[in-house]
Amino acid sequence: MPEGHTLHRLGRLHHRRFAGAPVVVTSPQGRFADGAKRVTGQVFARASVWGKHLFHHYAHGPIVHIHLGLYGTFAEQRTPMSEPVGQVRMRLLGADYGTDLRGPAACEVVDELQVADIIARLGPDPLRKDADPGLAWKRITKSRRSIGGLLLDQSVIAGVGNVYRAELLFRHRIAPQRPGTSLDEAEFDSAWADLVALMKVGLRTGKIIVVRPEHDHGAPSYGPGKPRTYVYRRAGDPCRICGDTVRTAVMEGRNVFWCPGCQR
């Protein structure tokens, strides 16, 4: 599932490509046909993002809410676009560029009240200027759930996925199994500031870069073209810092990775 920086990059791209002019919106697959009819021909006003939720705002009120989920992707082309291939839920066509949306968990037309309801269920987004980390701290410090589980809870912090979860906890030597109530405020403040900085790097580069320069050597990344990680998808490999064996387990339905030597 894409993490928050990916959605913010998409939001900026769509704003740059389409804002300020009428667009043509269709649903080649048919599942978004009614919604497409409501917005096609209208001026694309702006794009906004909160966590993993992308919003396309139109000049006369309607808003298209998109959540990519596990399988959703956008594929951009210059105009004129080729014929749709596969199950294209929504095609958005501007003067110079178009983009096809496939496989999202949500693609729907909503109004401002519905957007407010969606946002009310989310925690602060580290990439938004209006983020209030105090709200996340209150939810964490009152919970005996594991910090590893809390970090993936979008009502606690919006936009964090499995990679940032694993790597942030490693960088701050916090075992993912620790209950939220065991964290002190200094630990949280340090981790939040680091998360904001890491996600800004992701927003700027399009890559999740988490390994400090002095550790960025040795065993390769877990996948071609991916930056190195400390623990994510490195189960069974030696820790880049202490040499202990990186471990993995299932935590609340997702694989979590940690180093028992560094994260006691």
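The structure this text deals with has already been given above.
On a predicted model such as this, the values are computed, not experimentally measured, just so you know.

Asker: Just to check I follow, could you spell out the sheet that holds strand β5 (residues 73-78) for this structure?
Answerer: Working definition: the strands of a sheet are paired by backbone hydrogen bonds and lie parallel or antiparallel to each other. With antiparallel pairing, the four strands of this open sheet are ordered in space as β1-β6-β7-β5. Two strands bound the open sheet, and with one partner strand each, they are β1 (24-26) and β5. Neighbour-to-neighbour, the strand axes of this sheet turn through a mean angle of 15°, independent of strand direction. Relative to strand β7 (residues 97-102), strand β6 (residues 88-93) is paired through five bridges, and the arrangement is antiparallel. If you follow Leu93 over to β7, its bridge partner there is Gly98.

Asker: Looking at this structure, I do not really get helix α7 (residues 185-205). What am I missing?
Answerer: Note on helix geometry: an α-helix contains 3.6 residues per turn, so any two residues three or four positions apart are oriented the same way. Its 21 residues give α7 an end-to-end C-alpha distance of 30 Å, which sits within 8% of 30 Å, the value for a rise of 1.5 Å per residue. Where α7 is concerned, the buried positions are Phe188, Ala191, Trp192, Asp194, Leu195, Val196, Leu198, Met199, Gly202 and Leu203. The inward-facing, buried residues of α7 abut α1 (4-18), α4 (133-141) and α6 (162-171). Of the residues that open α7, the one with a side-chain oxygen 3.1 Å from the backbone nitrogen of Ala186 is Asp184. Immediately beyond the C-terminal end of α7, within one or two residues, lies Gly206, with a positive phi of roughly 80°.

Asker: What's the story with the side chain of Arg165 in this structure? I'm lost.
Answerer: Assignment of secondary structure puts Arg165 in helix α6. The charged side chain of Arg165 is buried without a salt bridge, its nearest counter-charge being Glu252 at 7.0 Å. Not counting residues up to four positions away in its chain, the partners in contact with Arg165 are Gly148, Gly149, Leu151, Leu152, Val160, Met251, Arg254, Asn255 and Val256.

Asker: Please explain the pattern of salt bridges as it appears in this structure.
Answerer: If the charged atoms of two oppositely charged side chains come close together, the side chains can form a pair. A complete count under the given rule lists nine salt bridges for this structure. The salt bridge involving Arg128 is made with Asp130; its shortest N-O contact spans 2.9 Å. Accessibility expressed as a relative area gives 25% for Arg128, which makes it partly exposed. The residue Arg171 makes a salt bridge to Asp194 at a minimum N-O spacing of 2.8 Å. Placement of the pair is Arg171 in helix α6 and Asp194 in helix α7, with a sequence separation of 23 residues. Several salt bridges converge on common partners, so that one network encompasses Arg91, Asp100 and Arg102.

Asker: Can you help me understand empty space enclosed by the protein in this one?
Answerer: If a probe as big as a water molecule is rolled over the atoms, it shows which places are left empty. Here the structure, examined in full by the defined rule, presents one cavity of 30 Å³ or more. Reported here for the largest cavity is a volume of approximately 100 Å³. What lines the largest cavity is a set of 13 residues, among which Ile147, Leu151, Leu168, Phe188 and Ala191 lie closest to the centre. Elements with a minimum of two residues in the lining of the largest cavity: α5 (147-151), α6 and α7.

Asker: It is not clear to me how the pairing of strand β3 (residues 53-58) should be interpreted in this structure. Could you clarify?
Answerer: Side chains on a regular strand alternate between the two faces of the sheet. Counting buried positions along β3 gives six out of six residues, so the element sits mostly inside the fold. Here strand β2 (residues 44-50) pairs with β3 via six bridges, running antiparallel. Residue pairing in the sheet places Val49 in a bridge with Leu54 of β3. Note: β3 against strand β4 (residues 63-67), five bridges, orientation antiparallel. Counterpart to Phe55 in the pairing with β4 is His65. In textbook terms, the turn of a hairpin is the stretch between consecutive antiparallel strands, and for β3 and β4 this stretch comprises four residues, one of which, Gly61, has a positive phi near 115°.

Asker: What is the right way to look at the nonpolar core in this model?
Answerer: When a protein is soluble and globular, its nonpolar side chains tend to lie buried together. Residues Ile147, Ile157, Tyr164, Phe170, Leu195 and Val231 are the most contacted members of the largest nonpolar core, which totals 38 residues. Elements with a contribution of two residues or more to this core: α4, α5, α6 and α7. Among the elements that take part in this core, α7 stands out by supplying eight residues, more than any other. Ignoring any residue separated from it by four or fewer positions in sequence, one finds Phe170 in contact with Tyr230, Val231, Cys239, Ile241, Cys259, Cys262 and Gln263. Val39, Phe74, Met90 and Leu92 belong to the second-largest nonpolar core, a separate cluster that totals 23 residues.

Asker: I'm lost on α6 in this one. Help?
Answerer: Among the 10 residues of α6, 10 are classified as buried, and the element is accordingly described as predominantly covered. Within the span of α6, buried status applies to Asn162, Val163, Tyr164, Arg165, Ala166, Glu167, Leu168, Leu169, Phe170 and Arg171. Packed against the buried residues of α6 are α1, α5, α7, β9 (247-251) and β10 (254-258). Just downstream of α6, Arg173 is the residue with a positive phi angle, here 55°.

About the cut-offs
- Residues numbered from 1 in each chain as written.
- Predicted model: local features only at pLDDT ≥ 70, side-chain atom pairs only at ≥ 80, totals over all residues.
- Heavy atoms only, no water.
- Pairing = 2+ DSSP bridges.
- Helix = DSSP H or I, 4+ residues; strand = E, 2+ residues; numbered from the N terminus.
- Axes fitted to C-alpha atoms, helices over the stretch in contact; angles between N-to-C directions.
- Expected span 1.5 Å × (residues − 1).
- Buried < 20%, exposed > 50% of the residue type's maximum accessible area, 1.4 Å probe, protein only.
- Contact = heavy atoms within 4.5 Å.
- Polar contact = N/O pair within 3.5 Å; in protein donor to acceptor, adjacent residues only side chain to side chain.
- Lys, Arg positive; Asp, Glu negative; His and termini not counted.
- Salt bridge = Lys/Arg side-chain N within 4 Å of Asp/Glu carboxyl O.
- 1 Å grid on protein atoms, 1.4 Å probe; cavity = no way out; pocket = protein on both sides within 12 Å on 5 of 7 lines; lining within 4 Å.
- Points joined across faces, edges and corners; volume = space filled by probe spheres on them.
- Core = buried A, V, L, I, M, F, W, Y, C linked by side-chain atoms within 4.5 Å.

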